[in-house]
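Geometric and topological summary
Here is what each chain is made of, one letter per residue.
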Amino acid sequence: MDASPKLKILIVGSGGREHALLQKCRQSPLVDSVVAAPGNGGIAAEAICHPVPADDVPALVGLAQSEGIDLVVVGPEVPLSLGLVDALEAVGILAYGPRRDGAQLEASKVFCKDFFARHQIPTAEYASFTEVPPALAYLKDHPAPIVVKASGLAAGKGVIMAETQAEAEAAVRDMLEGGAFGSSGAEIVIEETLYGEEASIHAIVSGEDFVCLPPSQDHKRAGEGDTGRNTGGMGAYTPTSKIDASLQARIENDVIQPTLAGLKSDGIDFRGTLYAGIMLTEKGPKVLEYNVRFGDPETQVLLPMLADDLVPLLLASAKGDALPSSVRFHEGAAMVVVLAAGGYPGSYPKGDPIEFPAHLAAGTAIVHAGTERDNDGTITTNGGRVLGISAQAPSLREAAQNAYALCDQVNFKGKYLRRDIGHRELNR
Ligand code: AMP
Ligand code: GLY
């Protein structure tokens, strides 16, 4: 056993991903205590939450200093793109996540696409624009269906899949002239539409060293059958048989390794999570986008499948040390179903009390996302994605049955969920 003092960890963020990270870190024998900023209702029931917003870099640095934090685990992308990890390093505090330079892979789609081109990483053909006339000229040569994307962070909403030329032209004008997405839309990417099934590959990275978590799939659309508006994610499961060992090896060789080599040759020492959104096309896997943090809700299924301690992986990555050469995962499958507030991803009410069952079946869990805990311990709704209901079981079918049985035991006014999470895998 390690004789060094046990760690105090600060988790930054307030969603289901952060609740899952907190629970996994608290299981580690290396850890003394875990606190969160700002946290949510479920986190508050288990740990101290400090009311510091996840995008207030100076206040987070001050909090980490005053609390004597040994390791900060950054959940969301915004603080990473604002340089939280750089600011913590400057005061000698270890942090899990990329510095601002690495975070550009997610924060700027133009940066990311230019990076792909420079390092021959398979992706959709594209061009980038800041002015309307050349963008419209490009659309004449590359007719719809085509994809128009705001370059900057837009909480998953800045991607327009234009079916017609008129929609594509409107998206270009809305972003570049109309101020849709604000400064995030001042530069755009126009790219070819890729066809196939999507999967998520998460890697914990330390420079050129990496450990992949099992492949997962999430469901971004609000409606059943993957219809309706895009959301942050309505559910996820792992593993997916769509990615077998040989395809996994191909993705690691053709996508992950060249990405890490490319980052290094560009002078970026990348540490933290690299999460590739991959389209499995007829011509092979192509990267749709990179995220530089764990997926939400994918984290809620990936971390429970990790049989080893997460904290040594986070620590090695934060220090830039070598990662363990092998990491163990549980057999079987896991699923998470999101319970959302009625109206999400549009406007929705807050403050409705939530009823929970007295007991949870083995292998099931309730992860909090948009919840708040009153002084008397009552939990109320406080966001669009309210809870993640998860289950781990020998098969995905059993995981689905157990997760949905629990979904029916949790109630709040206007509860909305998709009943078909995992449908592709379950119907294979
Ligand atoms: P992004 O934020 O770039 O991952 O885009 C969000 C979602 O839009 C992806 O998960 C895909 O479902 C879809 N998407 C983005 N780019 C493309 C593309 N080139 N072809 C097809 N679908 C896309
Ligand atoms: N589940 C999608 C994301 O975290 O970006």
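You'll find the structure just up there.
The text that follows walks through the structure, step by step, so that each part is easy to find. All of these numbers come straight from a predicted model, not from anything done at the bench.

Topic: the pattern of salt bridges
Enumeration over the complete set of coordinates arrives at 23 salt bridges. For D254, the salt bridge identified is with R250, shortest N-O distance 3.5 Å. One end of the pair, D254, and the other, R250, are both in helix 10 (residues 245-265), 4 residues apart, so they sit about a helical turn from each other. One salt-bridge network, held together by shared partners, links D226, R418, D420 and R424.

Topic: the sheet that holds strand 16 (residues 284-291)
Read from one edge of the open sheet, 4 strands run 10-9-15-16, paired in antiparallel fashion. Each edge of the sheet is formed by a strand with only one pairing partner; in this case those strands are strand 10 (209-212) and strand 16. Strand-to-strand, the axes of this sheet are offset by a mean angle of 35°, without reference to chain direction. Note that strand 9 (residues 197-206) and strand 10 share 4 bridges and pair antiparallel.

Topic: the site of ligand 1
Contacts to ligand 1 come from 14 residues, most closely from K149, E191, L194, E198 and E289. One of the side-chain N or O atoms of E289 is found 2.9 Å from an oxygen atom in ligand 1. Notes on ligand 1: free accessible area 470 Å², of which the protein chains cover 91%. Of the residues that constitute the shell around ligand 1, the class distribution is 6 nonpolar, 1 polar and 7 charged.

Some points on the packing of helix 6 (residues 100-107) against helix 7 (residues 109-118)
With their axes 6 Å apart at the nearest point, helix 6 and helix 7 run at an angle of 95° to one another. By the angle between their axes, helix 6 is roughly perpendicular relative to helix 7. Only K109, F111, C112 and F115 of helix 7 make contact with helix 6, whose side of the interface consists of D101, Q104, L105 and A107. A class-by-class count of the residues in the contact of helix 6 with helix 7 yields 5 nonpolar, 1 polar and 2 charged.

Quick word on the state of the cysteines
Under the counting rule described, the total for this entry stands at 0 disulfides. Note on C112: no disulfide assigned, nearest cysteine sulfur contributed by C212 at a separation of 17 Å. Owing to a relative accessible area of 14%, C212 belongs among the buried residues under this scheme.

A few points about the site of ligand 2
All residues in the neighbourhood of ligand 2 are listed as D218, G232, Y275, N291, R293, G295, D296, P297 and E298. One nitrogen or oxygen atom from the side chain of E298 is found 2.9 Å from a nitrogen atom belonging to ligand 2. Bound to the protein, ligand 2 loses 91% of the 200 Å² it would expose on its own. The residue inventory of the shell around ligand 2, partitioned by class, reads 2 nonpolar, 3 polar and 4 charged.

Structural notes on the environment of H423
The residue H423 is located in helix 14 (residues 423-426) in this model. Filtering out sequence-adjacent residues up to four positions away, H423 remains in contact with H219, D226 and R418.

Thoughts on the pairing of strand 17 (residues 333-340)
Within strand 17, 8 of the 8 residues are buried, which leaves the element mostly enclosed by the surrounding structure. Inspection of the sheet shows strand 14 (residues 235-238) paired to strand 17 by 4 bridges, in the antiparallel sense. In the sheet register, Y237 faces strand 17, and the bridge partner there is M335.

Calculation notes
- Residues numbered from 1 in each chain as written.
- Chains lettered and ligands numbered in written order.
- Predicted model: local features only at pLDDT ≥ 70, side-chain atom pairs only at ≥ 80, totals over all residues.
- Heavy atoms only, no water.
- Salt bridge = Lys/Arg side-chain N within 4 Å of Asp/Glu carboxyl O.
- Helix = DSSP H or I, 4+ residues; strand = E, 2+ residues; numbered from the N terminus.
- Pairing = 2+ DSSP bridges.
- Axes fitted to C-alpha atoms, helices over the stretch in contact; angles between N-to-C directions.
- Near = heavy atom within 4 Å.
- Polar contact = N/O pair within 3.5 Å; in protein donor to acceptor, adjacent residues only side chain to side chain.
- Areas by Shrake-Rupley, 256 points an atom, 1.4 Å probe, with all protein chains shown as cover.
- Nonpolar A, V, L, I, M, F, W, Y, C, P; charged D, E, K, R; others polar.
- Parallel < 35°, antiparallel > 145°, perpendicular 65-115°, else oblique.
- Contact = heavy atoms within 4.5 Å.
- Disulfide = S-S within 2.5 Å.
- Buried < 20%, exposed > 50% of the residue type's maximum accessible area, 1.4 Å probe, protein only.

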